[in-house]
Amino acid sequence: MKLIDRIQHRGPKKLLAIDGGGIRGVLSLEVLQKIEDLLTAQSGEQDLCLADYFDYIAGTSTGGIIAAGLSIGMSVSEIMNFYEEAGPQMFVKANLLRRLRYRYDDEPLAQKLRTVFGAETTFGGEKLRTLLLLVMRNASTDSPWPISNNPFAKYNTNPERLDDNLNFPLWQLVRASTAAPTYFPPEVILFQNEDKSEQKEFIFVDGGVTMYNNPAFQMFLMATLDRYGPKKPQVRWQAGAQEMLIVSVGTGTSPDVRHGLNADDMNLLFNATTIPSALMFAALNEQDLLCRVFGNCLCGDPLDRELGDVIGCEGPLPADQKLFTYVRYNAELTQAGLSNLGCHNIEPESVQKLDAVEAIPKLREVGRRVAEKVSASHFAGFPPDRSAG
């Protein structure tokens, strides 16, 4: 089924969001593998991939790589192989000399992404089988850029425009979403019209430094608000706990990473290096909280000691008026969190860093433990429908 037909296809919609988190993306891939296995068993068809099931897939940073791979029909195991093979090149901090040596289009990550997604594949190309949301930050305008390939969106409707999002090369948008400061140089995308008389330059950095490191609630808004494109009633997706499933997969958090901090250590340099990550962590939790409050949350770890997991709590919407069904799978990469998962042999420091490529086996072990939370009951109201895939 063509994407435009899938968007307008009647019936419940299934949405998937994947957090940013560097090499910790392999943790989320173990969860996604469990979901893929479960849905394959439910469908009775051995060749099912997540693009057959989910209608909209969103990702930030490393989640953008995974989301784009899933959207073009890659299996979870294929993406996991990509991470294991390319991880040492993809998620190693760049020193100044290496940044100067690579042009924007020939450093290892760019080369890998061009190979996987195809140098000529555009954001509006037919290779994408689902709606896809990628989050990045446009440094040129100092603003977050959550963009989707929805053909009805304002900046996706005129291929003659220089700023038509559908003209962007897919691999470059994925690369832009992963351009984490201190890891990779920013991604520069230059567009020019056919006779080269006009051109426009965009400079992007990692979407993780926006409010959408967890893109789940933003994806819901972009699927339902008419300002994001679906102005026609037959295109705008219907909200409701029986009409929409949102699955959110994290890459692990570490809220006590500075346990025992001394106040004298909080100098200007400390604040400059820690405030961005603190804001990202807060934004990630806020997106999760919004989904739990406005959705019918079936699964999720406690957010904090005051809120708990928010499952079954009373809020602004009555229980029978929730906007979607929601599940959240994630891990707390602290000593207590790992112990609760049964990972007593894993030191938190070994799996908390975004570039912990040597810890891939440990991250996969944590991911498999998180995957044990995945239940067929979470998907019971939204069985696989191959006619929509």
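Just so you know, these numbers come straight off a predicted model, no measurement behind them. (Residues numbered from 1 in each chain as written. Predicted model: local features only at pLDDT ≥ 70, side-chain atom pairs only at ≥ 80, totals over all residues. Heavy atoms only, no water.)

## Thoughts on the overall build of the protein chain
Secondary structure summary: the protein chain contains 13 helices and nine strands in total. Among the 389 residues that make up the protein chain, the fraction classed as buried is 52%. The long-range fraction of contacts in the protein chain, counting pairs at least 24 apart against all pairs at least 6 apart in sequence, stands at 73%. (Helix = DSSP H or I, 4+ residues; strand = E, 2+ residues; numbered from the N terminus. Buried < 20%, exposed > 50% of the residue type's maximum accessible area, 1.4 Å probe, protein only. Contact = heavy atoms within 4.5 Å.)

## What about unusual backbone geometry?
Even without being glycine, Ser 61 reaches a positive phi, approximately 55°. Of note, Ser 61 is situated in the loop between strand E2 (56-60) and helix H4 (62-71). What makes Ser 61 buried here is its relative accessible area of 7%.

## Things to note about the pairing of strand E7 (residues 244-249)
Side-chain direction in a regular strand flips from residue to residue, so the side chains alternate between the two faces of the sheet. Judged by how many residues are buried, E7 sits mostly within the fold: six of six residues are covered. Note that E7 and strand E9 (residues 325-329) share five bridges and pair parallel. Bridged to Leu 245 within E9 is Thr 325. (Pairing = 2+ DSSP bridges.)

## Here's the deal with the side chain of Ser 350
Mapped onto the secondary structure, Ser 350 falls in helix H12 (residues 348-352). Given the relative accessible area of 18%, Ser 350 is considered buried. Reaching out from Ser 350, the side chain makes a polar contact with the backbone oxygen of Glu 347 at a distance of 2.6 Å. With residues up to four places along the chain from it excluded, the contact list for Ser 350 reads Ala 356, Ala 359 and Lys 362. (Polar contact = N/O pair within 3.5 Å; in protein donor to acceptor, adjacent residues only side chain to side chain.)

## Things to note about the packing of aromatic side chains
Counted according to the given criterion, the structure contains nine aromatic pairs. Taking the centre distance of 4.8 Å and the plane angle of 55° together, the rings of Phe 220 and Phe 324 count as tilted. One end of the pair, Phe 220, is in helix H9 (residues 216-224); the other, Phe 324, is in the loop between strand E8 (296-299) and E9, and 104 residues separate them in sequence. Among the residues examined, Phe 220 registers a relative accessible area of 5% and is labelled buried. Judged by its relative accessible area of 0%, Phe 324 is buried. In this arrangement the basic side chain of Lys 14 is found over the ring face of Tyr 53, its NZ or CZ atom lying 4.9 Å from the centre. Residue placement shows Arg 114 over the ring face of Trp 171; its charged tip is 5.0 Å from the ring centre. (Phe/Tyr/Trp six-rings, centres within 6.5 Å; stacked < 30°, edge-to-face > 60°. Lys NZ or Arg CZ within 6 Å of the ring centre and 35° of its normal.)

## Some words on the nonpolar core
Among the nonpolar cores identified, the biggest contains 74 residues, and Leu 32, Ile 35 and Tyr 329 are the most heavily contacted of them. If one sorts the elements of this core by residue count, helix H2 (residues 25-43) sits on top with eight residues. Setting aside residues up to four positions removed in sequence, Leu 32 forms contacts with Leu 16, Ile 18, Leu 50, Ile 66, Leu 70, Val 76 and Val 249. By size, the runner-up hydrophobic cluster in this structure holds 24 residues, among which are Leu 131, Val 135, Tyr 212 and Met 222. (Core = buried A, V, L, I, M, F, W, Y, C linked by side-chain atoms within 4.5 Å.)

## Some words on the pairing of strand E1 (residues 13-18)
The buried fraction of E1 amounts to six of the six residues, a majority that puts the element mostly inside the structure. Residues Lys 13, Leu 15 and Ala 17 line one face of E1 and the alternating positions Lys 14, Leu 16 and Ile 18 line the opposite face, and both faces are buried. As defined by bridge partners, E1 adjoins E7 across six bridges and the pair is classed as parallel. Paired with Leu 15 across the strands is Ile 246, a residue of E7. Where E1 and E2 come together, four bridges link them in parallel fashion. When the bridges of E2 are listed, Ile 18 appears paired with Gly 59.

## Let's talk about the pattern of salt bridges
Following the criterion strictly, the structure yields nine salt bridges and no others. Notably, a salt bridge pairs Arg 368 with Glu 30, separated by 3.3 Å at the nearest N-O pair. You can see Arg 368 sitting in helix H13 (residues 360-371) and its partner Glu 30 sitting in helix H2, a full 338 residues away along the chain. Residue classification places Arg 368 among the partly exposed positions, given a relative accessible area of 42%. For the salt bridge of Glu 84 with Arg 364, the shortest nitrogen-to-oxygen distance reads 3.1 Å. Within this pair, whereas Glu 84 is found in helix H5 (residues 76-90), its partner Arg 364 is found in helix H13, the two being separated by 280 residues in sequence. Residue class for Glu 84 comes out partly exposed when judged on its relative accessible area of 35%. Linked by salt bridges that have partners in common, Asp 19, Asp 288, Arg 292 and Arg 328 make up one network. (Salt bridge = Lys/Arg side-chain N within 4 Å of Asp/Glu carboxyl O.)

## With respect to the packing of H2 against H4
Packed helix pairs are specified by the crossing angle of their axes together with the interaxial distance, meaning the distance between the axes. It is at 9 Å that the axes of H2 and H4 come closest, and there the two elements cross at 35°. Note that H2 runs across H4; the crossing there is right-handed. For the pair H2 and H4, contact is made by Gly 25, Ser 28, Leu 29 and Leu 32 and by Thr 62, Ile 66 and Leu 70, respectively. A class-by-class count of the residues in the contact of H2 with H4 yields four nonpolar, three polar and no charged. (Axes fitted to C-alpha atoms, helices over the stretch in contact; angles between N-to-C directions. Left-handed = near helix turned anticlockwise from the far one by under 90°. Nonpolar A, V, L, I, M, F, W, Y, C, P; charged D, E, K, R; others polar.)

## Concerning the environment of Lys 112
Within the secondary structure, Lys 112 sits in helix H7 (residues 108-117). Overall, Lys 112 belongs to the partly exposed group, its relative accessible area being 29%. Residues Lys 112 and Met 90, spaced 22 residues apart in sequence, show a C-alpha to C-alpha distance of 8.5 Å. The residues touching Lys 112, leaving out its near neighbours within four places in the chain, are Phe 82, Ala 86 and Gln 89.

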